[in-house]
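Coordinate inspection notes
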Amino acid sequence: MARETHLETTIGTSLVRAVADAKVLMVGAGGIGCELLKNLVMSGFKNIEVIDLDTIDLSNLNRQFLFQKQHIKKSKAHVAKESALAFNPNANIISRHQNIKEQEFSVDWFKGFDLVMNALDNLDARRHVNKMCLAANVPLIESGTAGYLGQVTVIQKDKTECFDCQPKETPKTFPVCTIRSTPSTPIHCIVWAKSYLFGLLFGNAEDDDDEVLVKEDSNDDDIAKELAALAAESQALKEILASMDTEGFAERVFNKVFFTDIHRLRSMEDMWKTRKPPTPLKYDEILHQTEDLPGAMDATTLEAVTLKDQRVWTLRETVQVFSESLEKLSTRLKEMRETDPEASVQFDKDDAETLDFVTATANLRAHVYGIEEKSRFQVKAMAGNIIPAIATTNAIIAGMMVMLAFKIINKRLADCKTSYLVYGRHRPQLIVSEPLAKPNPKCYICRNSYLAIKTDTKTTTVQDLIDLLEGYSISDVEIQESGRVIYDPDFDDNASKTLVSLQLTDGKFVEVVDEDDRKIILCLKDVDMDSLDGERFQIEGDVEEALEQQTQMKQQLRDAEAAEQQAAHVHEEDPDVIMTDDNRKRKHDEISGPTSGTSGSGEEAPLKKSSLTSTAHPPLAEDEVGNGSSTEQAVDVDEVVMVDGESFNVVVLD
């Protein structure tokens, strides 16, 4: 009661009541999530749902203060709930140890919340939550930290930028011949283990689609021969995979990768004229020559001794971890493929078995090439592209998230700002804020129109969907789902197939693009035909309004492109300058002082140069680097010029 009285004095009775009634979804219960959940229950929020797939690890305890040593290996969501209730027993917290991308967490489920708050540590999940909140038209508070840096912002459909409005930094790529034949650093070995061998064994080789590994120019005969040899190696390993369920599978894989393939590389004498050749390893020789060494650490015993994952394993330990993790992952893959023949195991830095495998294979690779080996803790950081989180950074960002939550619950979106924690930079301020940006007219996510559509996916065909669209004068459509082409005028093979046969089931997003390039996203809701009152479909939303909205957005895009062409024209006339329009100026000119360049006497005075903050980077993920690790970019404003009666800042590029 004393807490509520204090809150009423601080933020007002009406807001306290609104906060108590609000339903909040918190996604992620890690570094930011622990601080955030504690802040929410102490700030009067009483209806909170928290979801996190992860379990508590020893390395979490230095900054995730809702967890203690006895909680290791337990669900983060469940333990966070119990710990947070100690701060406010009157709070109603629902905890879920699940993946936010599971089918049950549909658009309708998201619509049941007044506010969603992200405290995630991976790009894929953040993009998913962003898309779901846009489809449900629920405000999202996005956050992230990286070391001493942090960000927090608000995403609201049609009013602000979404998470995908600004491009993300592309992952670093490595030449395939370096990764596969001549590694020289620990990161080369880790990329090989994670992106090549793990994918090849468990069904998701990233180098097949050039996402991580980049093929070198094969016009050179030597390189072409090496690439052909590497392809032959991959094929031979795939043939070994056929014996996955038989005894000795781990030994066959080991000897193929670390003995046979290494011997082949050693035979290429020219390759080793200026570098030390690799040393082959034999499975049985390693296991039998060091019998007196302690046993390997598997996933269940790894944390039994404090900081054990922070030491480098012995060679024998590494081989045993390789064998045990390979067996466990093979069993998992077999079980998954009993229900889905195309299933694959995905690497996750928080998945003990996948991390064990990548650590073991990366260190075996490093041993072969005489490269420094890394501890499991170090491999986790490098493979997950993370940097250690700072507890104080998480606390500051979580506090700012609650302040934004107050404004959103109080219907004051216009007062919300994007804030950056920029400790250690040239600015004297610890926190720098700017107004929320408008949606990017070129965004391929938030510039879409979303409609929910009910149908029986077991009996409805693609042709039925096409007929429905044509009834709204949406013709010559192309239909896609997650990048898969389901139908277009030149590919009608699927027209007679049912939606469920194409895995278009409940909760799936179907993209429909018509001849005028208008895009509508249909969110499927699978229902029994009997509930549709004799109709094939029921659409929730106004199709005509969605089409009109798309037409307007296309016009906005054309206007934006015209403005860019005008800016390019100015740049062509004077290549030493660039002109920023109103939308782009936000990313370059947070100017301290007047922008009109007038002195106190009213006379024109030169504009002072000032260092500016770039906000073109997306929010940082907690513990994540690679999607916007820097929030500042120094740019100098030299002068203000007039173009067609409007003033623009002119920025000289060094």
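Quick notes on the rules
- Residues numbered from 1 in each chain as written.
- Predicted model: local features only at pLDDT ≥ 70, side-chain atom pairs only at ≥ 80, totals over all residues.
- Heavy atoms only, no water.
- Pairing = 2+ DSSP bridges.
- Helix = DSSP H or I, 4+ residues; strand = E, 2+ residues; numbered from the N terminus.
- Axes fitted to C-alpha atoms, helices over the stretch in contact; angles between N-to-C directions.
- Disulfide = S-S within 2.5 Å.
- Buried < 20%, exposed > 50% of the residue type's maximum accessible area, 1.4 Å probe, protein only.
- Phe/Tyr/Trp six-rings, centres within 6.5 Å; stacked < 30°, edge-to-face > 60°.
- Lys NZ or Arg CZ within 6 Å of the ring centre and 35° of its normal.
- Contact = heavy atoms within 4.5 Å.
- Arc of directions from axis to C-beta.
- Core = buried A, V, L, I, M, F, W, Y, C linked by side-chain atoms within 4.5 Å.
- Polar contact = N/O pair within 3.5 Å; in protein donor to acceptor, adjacent residues only side chain to side chain.
- Salt bridge = Lys/Arg side-chain N within 4 Å of Asp/Glu carboxyl O.
- Parallel < 35°, antiparallel > 145°, perpendicular 65-115°, else oblique.
- pLDDT = per-residue confidence, 0-100.

**A closer look at the sheet that holds strand β16 (residues 538-540)**
Strand order in the open sheet formed by six strands is β13-β12-β14-β15-β11-β16, and the pairing between neighbours is mixed. The sheet terminates laterally at β13 (484-487) and β16, the two strands that pair on one side only. Averaged over neighbouring strand pairs, the angle between their axes works out to 30° when direction is ignored. Both strand β11 (residues 449-455) and strand β15 (residues 519-526) contribute to a ladder of seven bridges, which runs parallel. Across the sheet, residue Lys454 finds its bridge partner in β15, namely Lys525.

**Some words on the sheet that holds strand β1 (residues 23-27)**
Here eight strands make up an open sheet; going across it, the order is β3-β2-β1-β4-β5-β6-β9-β10 and the pairing mixed. Each having just a single partner strand, β3 (92-96) and β10 (431-435) make up the two edges of the open sheet. Looking at each pair of strands side by side, their axes are set apart by 15° on average, direction ignored. Bridging between β1 and strand β4 (residues 115-118) involves four bridges; their strand directions are parallel. By the bridge assignment for β4, Met26 is matched with Met117.

**Notes on the state of the cysteines**
Tallying each qualifying case throughout the model produces zero disulfides. Here Cys162 is not disulfide-linked; the sulfur of Cys443 is the nearest cysteine sulfur, at 3.5 Å. The buried category is assigned to Cys162, whose relative accessible area is 5%. With no disulfide partner, Cys165 has as its closest neighbouring cysteine sulfur the one in Cys446, 3.4 Å distant.

**Description of the packing of aromatic side chains**
Counting across every chain of the model gives 16 aromatic pairs. Consider the rings of Phe258 and Phe322, whose centres lie 6.3 Å apart with planes at 80°: the pair is edge-to-face. In this pair, Phe258 sits in helix α10 (residues 249-266) while Phe322 sits in helix α12 (residues 315-337), placing the two residues 64 residues apart along the sequence. Here Phe258 and Phe322 have matching classes, each one buried. Grouped by ring-pair contacts, the aromatic residues Trp192, Tyr196, Phe198, Phe202, Phe254, Phe258, Tyr283, Phe322, Phe347 and Phe357 constitute a single cluster. Directly above the ring of Phe259 sits Lys282, whose terminal nitrogen or CZ lies 4.6 Å from the centroid. A cation over an aromatic ring shows up here: Arg365 above the ring of Trp192, its NZ or CZ 4.4 Å from the ring centre.

**Examining the environment of Val500**
Tracing the sequence through the fold places Val500 in the loop between β13 and β14 (509-513). Once residues within four sequence positions are removed from consideration, Val500 is found in contact with Thr457, Lys458 and Thr505.

**As for helix α2 (residues 13-21)**
Every buried residue of α2 is listed here: Leu15, Val16, Val19 and Ala20. Axial view of α2: buried residues confined to an arc of 135°, hence all on one face. Along α2, exposed side chains directed more than 90 degrees from the buried face belong to Ser14, Arg17 and Asp21.

**Here we look at the nonpolar core**
Ranked by internal contacts, the top residues of the largest apolar core, which has 50 residues, are Phe202, Phe254, Phe258, Phe322, Leu326 and Phe357. Going through the elements one at a time, α8 (186-202), α9 (221-241), α10, α11 (283-289), α12, α13 (352-369) and α14 (376-383) are the ones with two or more residues in this core. The element best represented in this core is α8, accounting for eleven residues. The contacts of Leu326, once residues within four sequence positions are left out, are Leu201, Phe202, Phe249, Ala250, Val253 and Phe357.

**Describing unusual backbone geometry**
Here the phi dihedral of Asn137 falls at roughly 55°; this positive angle occurs in a residue that is not glycine. With respect to the element layout, Asn137 can be found in the loop between α6 (123-136) and β5 (140-146). Notably, Asp476 is not glycine yet its phi reads approximately 50°, a positive angle.

**Observations regarding the pairing of strand β9 (residues 417-422)**
Of all six residues that make up β9, five are buried, and the element is covered over most of its length. Alignment of β9 against β10, held across five bridges, turns out to be antiparallel. Considered in β10, the bridge of Ser419 is made with Ser433.

**Describing the environment of Lys407**
Within the element layout of this structure, Lys407 appears in helix α15 (residues 391-409). You can call Lys407 partly exposed: its relative accessible area is 24%. In sequence terms Lys407 and Leu15 are 392 residues apart; their C-alpha atoms lie 9.3 Å from each other. Not counting chain neighbours up to four residues away, the residues in contact with Lys407 comprise Arg412, Leu413, Asp415 and Cys416. From its side chain, Lys407 meets the backbone oxygen of Asp415 in a polar contact 3.3 Å long.

**Considerations on the pattern of salt bridges**
Enumeration according to the criterion identifies 27 salt bridges in this entry. Linking Asp350 and Lys349 is a salt bridge whose minimum nitrogen-to-oxygen distance equals 3.3 Å. A salt bridge links Lys519 to Glu511, with the nearest nitrogen and oxygen atoms 3.9 Å apart. With respect to class, Lys519 is no different from Glu511; both count as buried. Connected through shared salt-bridge partners, Asp108, Lys454, Lys525 and Glu540 make up one network.

**Looking at the side chain of His71**
Position of His71 among the secondary structure elements: in the loop between β2 (47-51) and α4 (76-85). Assessed through its relative accessible area of 14%, His71 is described here as buried. Leave out the neighbours within four places in its chain, and His71 touches Ile56, Leu66, Val79 and Ser83.

**Focus: the packing of α13 against α14**
Two numbers describe a pair of packed helices, the interaxial angle and the distance between the axes. Relative to each other, α13 and α14 sit at 100°, their axes nearing to 10 Å. By the angle class used here, α13 and α14 are roughly perpendicular. Here Ala352, Leu355, Asp356, Val358 and Thr359 of α13 lie close against α14, whose contacting residues are Arg376, Val379 and Lys380.

**Some points on the confidence of the model for the chain**
On average, residues of the chain carry a pLDDT of 78, and 76% of them reach 70 or more. When the criterion is pLDDT under 50, residues 204-220 qualifies, and its contacts beyond four places in sequence or with other chains add up to 39 contacts. Residue range residues 291-297 is modelled with pLDDT below 50. Its contacts to residues more than four positions away, or to other chains, number 16 contacts.

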